[in-house]
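So the chains spell out like this:
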Amino acid sequence: MSMTDEKRPPSLSSDEDDRELVALGYKPSFKREFTNLATISFAFSIMGLCSSVATTFNTPLLLGGPSSVTWCWILGATMCFTLGSSIAEIVSAFPTCGGLYTASAQLVPKKHRARVGWVVGWLNILGQIAGISSTEFGLANMILAAVTIGKDGNFEITAGKTVGLFTGLLIIHGLLNSIATRHLASLTKGFVFVNLGATFVIIIVLLAKTPRSEMHAAGYVFGSEGIVNQTGGWNTGIAFLFGLLSVQWTMTDYDATAHISEEVRRAAYAAPSAIFIAVLGTGLIGWLLNIVLVLCSGPLENLPGASGSAFLEILALRAGKTGALIIWAFVCLTAFFVVQTALQAASRTIYAFSRDGGLPDRGFFSKNSTITHTPLRSIWLTTIVSILPGLLDLASPVAANAIFSLTAMALDLSYIIPIFFRRVYENHPEVMFRPGPFYMGDGLLGWACNCMCISWTLFVVVIFSLPNIMPVTADNMNYASVITVGVIFLASAWYILGAHKYYTGPKSNLQDDSVQVITQDILPTRKDKMAAA
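As the structure is a computational prediction, the values presented were derived from the model and not from experiment.

(A) Region of interest: unusual backbone geometry. Here the residue pair Leu-303 and Pro-304 is connected by a cis peptide bond, since its omega of 15° sits within 30 degrees of zero. Within the secondary structure layout, Pro-304 lies in the loop between helix 15 (267-295) and helix 16 (310-355). Of the consecutive residues Met-470 and Pro-471, the connecting peptide bond is found in the cis state with omega at -10°. In this structure, Pro-471 sits in the loop between helix 20 (444-465) and helix 21 (480-497). Although it is not a glycine, Asp-152 sits at a positive phi angle of roughly 55°. The class of Asp-152 is exposed, set by a relative accessible area of 58%. Backbone geometry places Arg-362, a non-glycine residue, at a positive phi of 55°. Relative to the helices and strands, Arg-362 is located in the loop between helix 16 and helix 17 (376-390). According to the relative accessible area criterion, Arg-362 is exposed, its value standing at 87%.

Encoded structure:
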């Protein structure tokens, strides 16, 4: 059965969603418990605006200065919007839990499907694992920073404490992700309100508690006064561009919503719409948050303070210790939600990759629990593997920070490959791209978004490969590029030496008899519909 030639009906109900999935070549394996609200909440939660900014705020502020915080955010957010829109377009056409991994192999001729699927699959898995690890690592540091503030600086943060807390939190998330899909959907519905609610509370409190006389001038927030190069050797232009890490790390993992699309109602509509809304909302609200943080930040020389978190120090300066810690609890809760959603999405990717023969496990990790109807095996594989990058902190805190760059690099590279091939082969007889309900068209708008996001991603990958501090030593080296290239090299070698013999790219898991069961039992036939009418 072809996965690209079948004409797919519109998704109007859970049953028709399942039939559409069959037309794509996959047997429905999950219960569709995610409503529109839960899906939008999931998309917002994967970005975790206030917690993600809190985790990465030090980088633009302390490398390029306050103006780097302000302008790099809106510049990066604009480019991320073009990437998010391009991804949403593909997700609408291929709403499967494999996300862009599955789509990438369907957007090229048959002879290229295995190689393209293999590279995109491994890049996407690498990026998602790094995303889980970096967010959990950031959460561990945020909790320890709160302890430091609570004890008035009389608390020492060590690598052992950080890694221990990081590991414990990941195990908790593994346990939470093991529950049934309906419970995950119920939990997810409230994520967006905590995320955006905490963000607006921070904005209001900072503006209300900062005397007008202590607010920085516009030249400091937006102008040349706010460009402060603290890299130790890079020119000011490069130092300024390091500020892009915050927005690019925050606004990534767009396709996480696609990975739960087999659990979403009206997936071809809901999943891309959620991506579009979340990217636009996160970009604009995030810019406002960053402007207010810089405006109310106080003297730059006092940051990041004893806690090591400039964001928390600014809150403590304006809201006092007690007020700051109360707000910080909700920021940490937002980060907790981010890991929850990211782990869920990543486990579905590994489930799909195993289902397609991309892992040497004979499909072991592509099995669902008969009790929870969730892929417990892939959930715990994801949890255990996500612990490994955090162990870098035991060697060097600077080396551990490379996982933030690694997340943006690997994920965004995995995104632009299918976007590129979607344009190159859209009219190829073996592809014939059929757009879903979310479609930017073949005119200038669609082409401009696709070309801009590809060019931008290649540009930021270069920036994120550079070490942040000069001179470069073994301790402050940026290992993100080394890890990314290393994974691509090892995956390619594995494919050439043996994997090509059994991996043929994303493939149907349907047998003729299962197709018949699904099309007859899940949906009424045309004859039945006519009789019912």
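After that view of the structure, there is still more to cover.
(B) Fine view of the layout of surface pockets. Approximately 920 Å³ is the volume found for the largest pocket. Along the wall of the largest pocket there are 35 residues; nearest its centre are Thr-55, Asn-58, Thr-59, Pro-397 and Asn-401. Contributing elements (two or more residues each) for the lining of the largest pocket: helix 3 (49-56), helix 4 (58-63), helix 7 (110-150), helix 8 (159-176), helix 18 (397-400) and helix 19 (402-424). Tallying contributions element by element places helix 7 first for the lining of the largest pocket, with 5 residues. Broken down by class, the residue content of the lining of the largest pocket amounts to 18 nonpolar, 16 polar and 1 charged. As a volume, the second largest pocket reaches approximately 310 Å³. Around the second largest pocket, the lining is made up of 15 residues, and of these Leu-126, Ile-129, Val-385, Ile-483 and Val-487 lie nearest the centre. Per-element accounting of the lining of the second largest pocket gives the leading share, 5 residues, to helix 21. Of the residues contributing to the lining of the second largest pocket, the split by class is 15 nonpolar, no polar and no charged.

(C) Up close: empty space enclosed by the protein. Taken as a whole and assessed by the stated rule, the structure comprises 6 cavities of 30 Å³ or more. Within this model, the largest cavity holds a volume of roughly 120 Å³. What lines the largest cavity is a set of 15 residues, among which Ile-46, Thr-135, Trp-249, Asp-253 and Val-338 lie closest to the centre. Sorting the residues of the lining of the largest cavity by element identifies helix 2 (36-47), helix 7, helix 13 (244-250), helix 16 and helix 19 as the ones contributing at least two each. For the lining of the largest cavity, the element with the highest residue contribution is helix 7, accounting for 4 residues. Of the residues contributing to the lining of the largest cavity, the split by class is 7 nonpolar, 7 polar and 1 charged.

(D) Structural detail: the confidence of the model for the chain. Across the chain, the average pLDDT comes to 85, with 90% of residues at or above 70. Element-level pLDDT for the chain is lowest in helix 23 (residues 526-532), with a mean of 37, against a maximum mean of 95 in helix 12 (residues 236-241). A low-confidence stretch, residues 1-12 (pLDDT under 50), is modelled with 38 contacts involving residues beyond four sequence positions or located in other chains. Low pLDDT, under 50, characterises residues 512-533; the stretch is placed with 18 contacts to residues that sit more than four places away or in other chains.

(E) Expanded view of the packing of helix 10 (residues 191-209) against helix 15. Two elements in contact, helix 10 and helix 15, have axes whose closest approach is 10 Å; the angle formed by their N-to-C orientations is 30°. The angle between helix 10 and helix 15 places the two elements in the roughly parallel class. Crossing angle aside, the handedness with which helix 10 passes helix 15 is left-handed. Of the residues in helix 15, those in contact with Leu-196, Thr-199, Phe-200, Ile-202, Ile-203, Leu-206 and Leu-207 of helix 10 are Ile-285, Leu-288, Leu-289, Val-292, Leu-293 and Leu-295. A class-by-class count of the residues in the contact of helix 10 with helix 15 yields 12 nonpolar, 1 polar and no charged.

(F) Structural context of the packing of aromatic side chains. Across all of its chains, the model carries 23 aromatic pairs by this definition. Taking the centre distance of 6.3 Å and the plane angle of 80° together, the rings of Trp-234 and Phe-242 count as edge-to-face. With relative accessibility at 21%, the residue Trp-234 sits in the partly exposed group. For Phe-242, a relative accessible area of 2% gives the class buried. With a centroid separation of 5.4 Å and an interplanar angle of 65°, the aromatic rings of Phe-420 and Phe-421 are classed as edge-to-face. Take Phe-420: its relative accessible area is 43%, and that puts it in the partly exposed class. Every member of this aromatic cluster is reached through a ring pair, and the members are Tyr-101, Trp-118, Trp-122, Phe-353, Trp-494, Tyr-495 and Tyr-503. Cation over ring: Lys-161 sits above Phe-155, and NZ or CZ is 4.3 Å from the ring centre. One residue, Arg-423, lies across the ring of Trp-447, its end atom 4.5 Å from the ring centre.

About the cut-offs
Residues numbered from 1 in each chain as written. Predicted model: local features only at pLDDT ≥ 70, side-chain atom pairs only at ≥ 80, totals over all residues. Heavy atoms only, no water. Helix = DSSP H or I, 4+ residues; strand = E, 2+ residues; numbered from the N terminus. Buried < 20%, exposed > 50% of the residue type's maximum accessible area, 1.4 Å probe, protein only. 1 Å grid on protein atoms, 1.4 Å probe; cavity = no way out; pocket = protein on both sides within 12 Å on 5 of 7 lines; lining within 4 Å. Points joined across faces, edges and corners; volume = space filled by probe spheres on them. Nonpolar A, V, L, I, M, F, W, Y, C, P; charged D, E, K, R; others polar. pLDDT = per-residue confidence, 0-100. Contact = heavy atoms within 4.5 Å. Axes fitted to C-alpha atoms, helices over the stretch in contact; angles between N-to-C directions. Parallel < 35°, antiparallel > 145°, perpendicular 65-115°, else oblique. Left-handed = near helix turned anticlockwise from the far one by under 90°. Phe/Tyr/Trp six-rings, centres within 6.5 Å; stacked < 30°, edge-to-face > 60°. Lys NZ or Arg CZ within 6 Å of the ring centre and 35° of its normal.

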